[in-house]
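Notes for the structure review
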Amino acid sequence: MSFRPLHDRVLVKRIEAEEKTKGGIIIPDTAKEKPQEGEVVAVGSGTRNEKGELVALDVKVGDRILFGKWSGTEIKLDGDDLLIMKESDILGVLEVTAKKGKKAA
């Protein structure tokens, strides 16, 4: 099944948190918090401004994002647990940077 969010809605798949701490302690499921990081799976067409022009969303499919703890509505689609949220619920986009310590040639 394919799903296309409407307007300024975004479909997000949560990125699961680590099962262990850095010190090697295993975190039980009952103590885990829901992750606030996810990957954008689908985006709507955008919103309309005062002039009626379509304004595209800032996020795109494949972006890794951070969102608020209580953001979005949880749904199950084709067996996957997903979130539908407004673009305004997204706190930011995580960008991959080059590793520190490497010198440019």
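Now for a look at the structure at hand. (Residues numbered from 1 in each chain as written. Predicted model: local features only at pLDDT ≥ 70, side-chain atom pairs only at ≥ 80, totals over all residues. Heavy atoms only, no water.)

On to the overall build of the protein, then. Scanning the protein from terminus to terminus reveals zero helices and eight strands. Along its sequence from the N terminus, the protein presents helices and strands in the succession β-β-β-β-β-β-β-β. Expressed as a percentage of its 105 residues, the buried residues of the protein come to 23%. Excluding contacts between residues fewer than 6 apart, the proportion of contacts in the protein whose partners are at least 24 apart in sequence is 61%. (Helix = DSSP H or I, 4+ residues; strand = E, 2+ residues; numbered from the N terminus. Buried < 20%, exposed > 50% of the residue type's maximum accessible area, 1.4 Å probe, protein only. Contact = heavy atoms within 4.5 Å.)

Think of a sheet as strands paired side by side through backbone hydrogen bonds, with each pair either parallel or antiparallel. Strands sit in the order β6-β7-β1-β2-β5-β8 across an open sheet of six strands; the sheet is antiparallel. At either margin of the open sheet sits one strand with a lone partner, and together these are β6 (73-77) and β8 (90-94). When strand polarity is set aside, the average angle formed by the axes of neighbouring strands in this sheet is 45 degrees. In this sheet, β8 lies alongside strand β5 (residues 64-67) in antiparallel orientation, the contact comprising four bridges. Residue Ile65 lies in a different strand from β8, and its bridge partner there is Val93. (Pairing = 2+ DSSP bridges. Axes fitted to C-alpha atoms, helices over the stretch in contact; angles between N-to-C directions.)

Before going further, it helps to examine the side chain of Ser71. Note on placement: Ser71 falls in the loop between β5 and β6. Residue Ser71 is classed as buried on the basis of its relative accessible area, which comes to 14%. A polar side-chain atom of Ser71 sits 3.1 Å from the main-chain amide nitrogen of Gly68. Contact partners of Ser71, with chain neighbours within four places excluded, come to Leu83, Met85 and Asp89. (Polar contact = N/O pair within 3.5 Å; in protein donor to acceptor, adjacent residues only side chain to side chain.)

Let us look at unusual backbone geometry. Even without glycine at this site, His7 takes up a positive phi of about 50 degrees. Residue classification places His7 among the exposed positions, given a relative accessible area of 52%. With a phi angle near 55 degrees, Asp78 is a residue other than glycine that sits in the positive phi range. Within the fold, Asp78 resides in the loop between β6 and β7 (80-86). With a relative accessible area of 54%, Asp78 lands in the exposed category.

Functional significance is not addressed by these values, which are geometric in nature.
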